[in-house]
Amino acid sequence: MSPAQEIRRPGYLIFRENGTFDSKVMTLLMSTEVITELDEITKIVEKVRPLISASQIAQRNLLALQNFEKEGAKPTPFSVLPSGRMIETSLIYKMDASRHISNFLSSFRSFLDHYSAHLSERFGNHSKEVERFKAETRKHYDSKFGYRFVYRFRNYAQHYSIPISDINVSYLMDHNIQNYALSSRLTLVRNELVRWREWGPLRNEILGLPEKIDIVPLIKEAGNSLNEICIEVLRIDANDLLRCQDYLERVCSILKLEPGAIPVVWIGENAGEGLPPAKMDILPVDEMRLIVRSMGAPV
């Protein structure tokens, strides 16, 4: 029997906390019509998977940067630092800050470049879908300074080191004991930024900012714009995606899934008595729910 002719049966997996798993294989065989229908549904998810992946990477990098800034803002008394390590601590902070910023900048531009190419390949360079994407990105570039800044800052960071300002040394009172402590605000040195000659009209906007620029609010604004662009692009496939969600939710209802169960299609005969088949395809139910949440629709 060829792989295409192997029997398929629906079911599910449940992974237990002790490292074992339980499986359910239904006796009902899936017809050729149902298999074809399920393949079509899966292809809908595959169409938008690159967009969701690129968007999620950027959003996770933004969250990591925000958490890093939050931790850095907590004062660290000199008394808990190893002797003579203040300078080293400051340098490590700057390196880690640059890494987090670079990660977001890279994923931000990767999303835009990747999905522009994806839409062009899928619909054609001059298609209405590509124009819709370009119009949405232009709207955010024209209306959001954070988006404009991050878009150009990515190019800056490819030519120059990210100019993180010095770590702060503050004088604190802690339980009536005078103590020095390290704390940080993630800021950029404005005068270092404007040395780059490729800012264009944005240079004057940057000159109007404080000497130390709070970078995280600007990156957060760019991240919000990226999310809105993602939602707009997902609307191209909105009807198919909602149909896909409805289909997969009906499958879950038919399977009567236990909490935490993963719906699957088992392929081939059982591997042995009391054992499920060795091969399976996981139904993209959780992935579909993530996509629908990304669209701002209820799950």
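This is a predicted model, so every value here is computed, not measured. (Residues numbered from 1 in each chain as written. Predicted model: local features only at pLDDT ≥ 70, side-chain atom pairs only at ≥ 80, totals over all residues. Heavy atoms only, no water.)

Undergrad: How should helix α4 (residues 145-159) be read in this particular structure?
TA: Along its 15 residues, α4 runs 21 Å from first to last C-alpha, staying within 8% of the 21 Å computed at 1.5 Å per residue. At Phe-153, α4 shows its largest kink, close to 30°. Within α4, 11 of the 15 residues are buried, which leaves it mostly tucked inside the rest of the structure. Buried residues of α4: Phe-145, Gly-146, Tyr-147, Arg-148, Phe-149, Val-150, Arg-152, Phe-153, Arg-154, Asn-155 and Tyr-156, and no others. (Helix = DSSP H or I, 4+ residues; strand = E, 2+ residues; numbered from the N terminus. Expected span 1.5 Å × (residues − 1). Bend = angle between axes of the 7 residues up to and from the residue. Buried < 20%, exposed > 50% of the residue type's maximum accessible area, 1.4 Å probe, protein only.)

Undergrad: Would you mind going over the packing of aromatic side chains with me for this structure?
TA: For any pair of aromatic rings, the description rests on two quantities: the centre-to-centre distance and the angle between the ring planes. With the rule as written, the count across this model stands at 16 aromatic pairs. Geometrically, the ring pair formed by Tyr-141 and Tyr-147 is edge-to-face, given 6.4 Å between the ring centres and 90° between the ring planes. Given a relative accessible area of 28%, Tyr-141 falls into the partly exposed group. These aromatic residues form a ring-pair network of at least three members: Phe-145, Phe-149, Phe-153, Tyr-156, Tyr-160, Trp-196 and Trp-199. For Arg-109, the ring lying beneath its charged end belongs to Tyr-151, and the centroid distance is 4.3 Å. (Phe/Tyr/Trp six-rings, centres within 6.5 Å; stacked < 30°, edge-to-face > 60°. Lys NZ or Arg CZ within 6 Å of the ring centre and 35° of its normal.)

Undergrad: Where do I start with unusual backbone geometry in this structure?
TA: Negative phi is the rule for most residues except glycine; trans is the rule for most peptide bonds. Not every positive phi belongs to a glycine, and Lys-256 is a case in point at roughly 50°. Along the polypeptide, Lys-256 turns up in the loop between α8 (238-255) and β8 (262-267). For Lys-256, a relative accessible area of 66% corresponds to the exposed category.

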